[in-house]
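Secondary and tertiary structure notes
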Amino acid sequence: MDTYLKIESSWKECLHTEFACNYFKSLEVFLLEEKKRFTVYPPEPRIFAAFEHTPFEKVTAVIIGQDPYHGEGQANGLCFSVNDGLRKPPSLVNIFKELHSDLGIPIPQNGNLEKWAQQGVLLLNATLTVRAHQAGSHQKRGWERFTDQVIRTLSEKREGVVFLLWGKYAQAKEPLIDTSKHHTLKAPHPSPFSANSGFFGCRHFSKTNEILRSQGVSEIDWQL
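Within each chain, residue numbers correspond to sequence positions counted from 1 in written order. At least 70 in pLDDT is required for a residue's local features to be given in this predicted model, at least 80 for side-chain atom pairs to be given and counted, and no such filter applies to totals for whole chains, interfaces and linings, which use all residues. Only hydrogens and water are removed before side-chain values are computed, so all heavy atoms of the structure are retained for them.

1. Regarding the overall build of the protein chain
Scanning the protein chain from N- to C-terminus turns up eight helices and six strands. Dimensions along the principal axes, computed over C-alpha positions, put the protein chain at roughly 45 × 35 × 25 Å. Only protein chains enter the accessibility calculation, which uses a 1.4 Å probe; a residue whose area is less than 20% of its type maximum is buried, one above 50% is exposed, and one in between is partly exposed. Within the protein chain, the proportion of its 224 residues that are buried is 55%. Throughout, a residue-residue contact means that at least one pair of heavy atoms, one from each residue, lies within 4.5 Å. Within the protein chain, residue pairs in contact and separated by at least 24 positions form 67% of the contacts whose partners lie at least 6 positions apart. Computed with a 1.4 Å probe, the accessible areas rest on the Shrake-Rupley method; for each residue, only the protein chains presented here act as cover. If you sum the accessible surface of the protein chain, you get close to 10300 Å²; carbon and sulfur atoms cover 48% of it. The positive charge centre, built from 26 side chains, and the negative charge centre, built from 25, are 4 Å apart in the protein chain. Every helix listed is a DSSP run of H or I at least four residues long, and every strand listed is a run of E at least two residues long, numbered separately from the N terminus. We treat Lys and Arg as the positive residues and Asp and Glu as the negative residues; His and chain ends play no part in the count. By convention, the point assigned to a charge is CZ for Arg, NZ for Lys, CD for Glu and CG for Asp.

2. Structural notes on unusual backbone geometry
Residue Y41 is joined to P42 through a cis peptide bond whose omega torsion reads -10°. Note that P42 resides in the loop between strand 1 (40-41) and helix 3 (49-53). If you check the backbone angles, H133 has positive phi at about 65° while not being a glycine. The residue H133 is located in the loop between strand 4 (130-131) and helix 6 (143-157) in this model.

3. Re the nonpolar core
By nonpolar core we mean a set of buried residues, namely Ala, Val, Leu, Ile, Met, Phe, Trp, Tyr and Cys, connected to one another through side-chain atoms within 4.5 Å. Ranked by internal contacts, the top residues of the largest apolar core, which has 63 residues, are W11, F51, W116 and F146. Sequence-distant contacts of F51, defined by excluding residues within four places in its chain, comprise I7, E8, W11, L124, L128, F146 and V150.

4. What about the layout of surface pockets?
There is about 440 Å³ of room inside the largest pocket. Sorting the residues of the lining of the largest pocket by element identifies strand 2 (61-65), strand 3 (121-125) and helix 7 (168-171) as the ones contributing at least two each. Here the lining of the largest pocket takes three residues from strand 3, the largest share from any one element. A cavity, in this analysis, means grid points on a 1 Å lattice covering only the protein atoms where a 1.4 Å probe fits yet has no way out; a pocket is instead an open set bounded by protein on both sides within 12 Å along at least five of seven lines, and a residue lines either one if it has an atom within 4 Å of a point. Grid points are joined across faces, edges and corners, and a volume is the space filled by probe spheres set on the points.

5. A word on the packing of helix 4 (residues 90-103) against helix 8 (residues 204-214)
Note on geometry: axes are C-alpha line fits, over the in-contact stretch for helices, and angles between N-to-C directions span 0 to 180 degrees. Viewed as axis vectors pointing N to C, helix 4 and helix 8 meet at an angle of 60°, and their least axial separation amounts to 8 Å. When the axis of helix 4 is compared with that of helix 8, the two are oblique. Between helix 4 and helix 8, the residues in contact are I95, E98, L99, D102 and L103 and H204, F205 and S206, respectively. Each residue is assigned to one class: nonpolar for Ala, Val, Leu, Ile, Met, Phe, Trp, Tyr, Cys and Pro, charged for Asp, Glu, Lys and Arg, and polar for all the others, Gly among them. Taken together, the residues of the contact of helix 4 with helix 8 sort by class into four nonpolar, two polar and two charged. Angular relationships are summarised with four words: roughly parallel below 35 degrees, roughly antiparallel beyond 145, roughly perpendicular across 65 to 115, and oblique for the angles in between.

Structure (structure tokens):
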């Protein structure tokens, strides 16, 4: 089903063997059936938005989420990000609070993180689709195997990438990363349930820029 293979060319080259695997073909069949019966987010043209905005060779940092937002119109294919004009979800509110505390950047009015993605921040959800209003409904269908390979490929073929691992789910991906040539920054998840236990004060935005600057790589302008 080629409609699900509309992925940016540099990523398609790196990941082409995954698309030929049986698990990915089964995932495609599952998604076709889901779309017949339910609303699926994000819309099909946005499923691979993280890759479209951030080509393989441009990745300098990675933020790992778990699921797309499942509310109407929220998911835009970038983890933690919502479309312009929508109310910011609680975790994103806390991300912006920490950004303000860390770098003094004014808290943005909108929650669309495309500007980060365009500068080299791969905003990667482990699961790339979800059934409307049913969190986790597309987990364990093959997406995690695919996105694990994304992380593994970055680890193998790139150097000096900063991985921001927020929460236990993201931190469980660390074994996929060669930490001898990449950097991992770990903190609790920005959710209201855990942000006060160490996400606030982690200063990951300034630390990412310090690492990039030390490598002679362009810093991220975190202001939206």
